[in-house]
Amino acid sequence: MQNRSTYVVSNWKMNGTTALIHDMVQTYRQSVRRAHWILCPPATLITETRRHYPEIALGGQDCHHKTSGAFTGDISAHLLTEAGASYVILGHSERRHYHGETSTTVAEKACTAISHGLTPIICIGESEETYDKKQTIDFLKKQLNESLANIHRTQHNVIVAYEPIWAIGTGKTATVTDIEQVHTFLREQLPNTPLLYGGSVTGSNAREILSTQNVNGVLVGGASLKTDEFAKILDAAC
Ligand code: PGA
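Scoring rules and cut-offs
Residues numbered from 1 in each chain as written. Predicted model: local features only at pLDDT ≥ 70, side-chain atom pairs only at ≥ 80, totals over all residues. Heavy atoms only, no water. Helix = DSSP H or I, 4+ residues; strand = E, 2+ residues; numbered from the N terminus. Rg over C-alpha atoms; globule rule 2.2 N^0.38 Å. Buried < 20%, exposed > 50% of the residue type's maximum accessible area, 1.4 Å probe, protein only. Contact = heavy atoms within 4.5 Å. Pairing = 2+ DSSP bridges. Axes fitted to C-alpha atoms, helices over the stretch in contact; angles between N-to-C directions. Parallel < 35°, antiparallel > 145°, perpendicular 65-115°, else oblique. Nonpolar A, V, L, I, M, F, W, Y, C, P; charged D, E, K, R; others polar. Near = heavy atom within 4 Å. Polar contact = N/O pair within 3.5 Å; in protein donor to acceptor, adjacent residues only side chain to side chain. Areas by Shrake-Rupley, 256 points an atom, 1.4 Å probe, with all protein chains shown as cover. Phe/Tyr/Trp six-rings, centres within 6.5 Å; stacked < 30°, edge-to-face > 60°.

Draft legend 1. Focus on the overall build of the protein. Of regular secondary structure, the protein possesses ten helices and eight strands. Against the globule reference of 18 Å for 238 residues, the protein gives a C-alpha radius of gyration of 17 Å, in line with a compact fold. Considered along the principal axes of its C-alpha atoms, the protein spans approximately 45 × 45 × 30 Å. Taken over 238 residues, the protein has a buried fraction of 51%. By sequence separation, contacts in the protein at least 24 residues apart represent 71% of the contacts at least 6 residues apart.

Draft legend 2. Main features of the environment of Lys66. Along the chain, Lys66 turns up in the loop between strand S3 (57-60) and helix H3 (77-83). Each C-alpha atom of the pair Lys66 and Lys109 lies 7.7 Å from the other, and the pair is 43 residues apart in sequence. Not counting residues within four places of it along the chain, the set of residues in contact with Lys66 comprises Phe71, Ser76 and Thr112.

Draft legend 3. Representation of the sheet that holds strand S8 (residues 217-220) within the structure. Taken in spatial order, the eight strands line up as S1-S2-S3-S4-S5-S6-S7-S8 and close into a barrel, and their pairing is parallel. In this sheet, adjacent strand axes meet at a mean angle of 25° when their direction is disregarded. As defined by bridge partners, strand S7 (residues 195-198) adjoins S8 across three bridges and the pair is classed as parallel. The residue bridging Leu196 from the neighbouring strand is Gly217, located in S8. Packing of helix H7 (residues 136-147) onto the sheet brings it into contact with strand S5 (119-124) and strand S6 (159-162), and relative to S5 it is tilted by some 150°.

Draft legend 4. The arrangement of the packing of helix H5 (residues 103-115) against H7 in detail. As a packed pair, H5 and H7 sit with axes 7 Å apart at the nearest point and diverge in direction by 40°. With respect to H7, the element H5 is oriented oblique. Together, Ser103, Val106 and Ala107 of H5 and Gln143, Glu146 and Ser147 of H7 make up the contact between the two elements. When its residues are assigned to classes, the contact of H5 with H7 shows two nonpolar, three polar and one charged.

Draft legend 5. Representation of the site of the ligand. For the ligand, the set of nearby residues contains 13 residues, the closest of which are Lys13, His92, Glu163, Gly169 and Ser200. Contacts to the ligand include His92, whose side-chain N or O atom sits 2.7 Å from an oxygen atom. Here the ligand loses 95% of its free accessible area of 280 Å² to cover by the protein chains.

Draft legend 6. Examining the packing of aromatic side chains more closely. Inspection of the entire model under this criterion finds five aromatic pairs. Taken together through their ring pairs, the aromatic side chains of Tyr28, Trp37 and Phe230 make up a single cluster.

Draft legend 7. Quick peek at the side chain of Thr112. For Thr112, the location among the structural elements is in helix H5. Setting aside residues no more than four positions away along its own chain, Thr112 makes contact with His64, His65, Lys66, Thr67 and Ala77.

Have a look at this one:
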């Protein structure tokens, strides 16, 4: 049985439109009251969404570790807050892969985000090779410690998302046993932190994933752009 604190995070990546936001919010008005939906659209859509729908929780998909400066194309934590975001996804595997982000950078970004009033959603996850070698927990232990290095785990608001890289956008999900094993480990490290699972979450598997022990929510990419599919995920979280 899920409760109000079940998170459903939409990671729209470099997709989505203002029209899609209107469509989704109209469709989800009822379930949004019960599930904790956090919409992370492209940064340019945050301000208008906040203006139209003050009740929707919004997040950015990244922020710079510096407060401001000559960083063409980047976005600061302050600007996200000003636009109306309360959350920011940090250390997503696509940022780590395409932008060379290290866990050290993620830790710096998390500090900056917190100091500007944002709750970081910190992503961790192993490669397929690491998974096949059965080194997932060792890998995650190091990545978690480095990514949360600057954070006081019991004092700061943080969310951690376990996203196996090989499950992102591939249609392969980790088994419930895999998720349970990782989340049990994460719970030992982070007794009070909401723990999410991400990687090919759909309307068909969300309920099972959300009923796994120590899973407090899901981080959804592809399926979060499909109004009907995502409605099923929100329903599973209610
Ligand atoms: P996916 O993406 O749901 O499309 O696998 C998840 C993510 O990248 O956060």
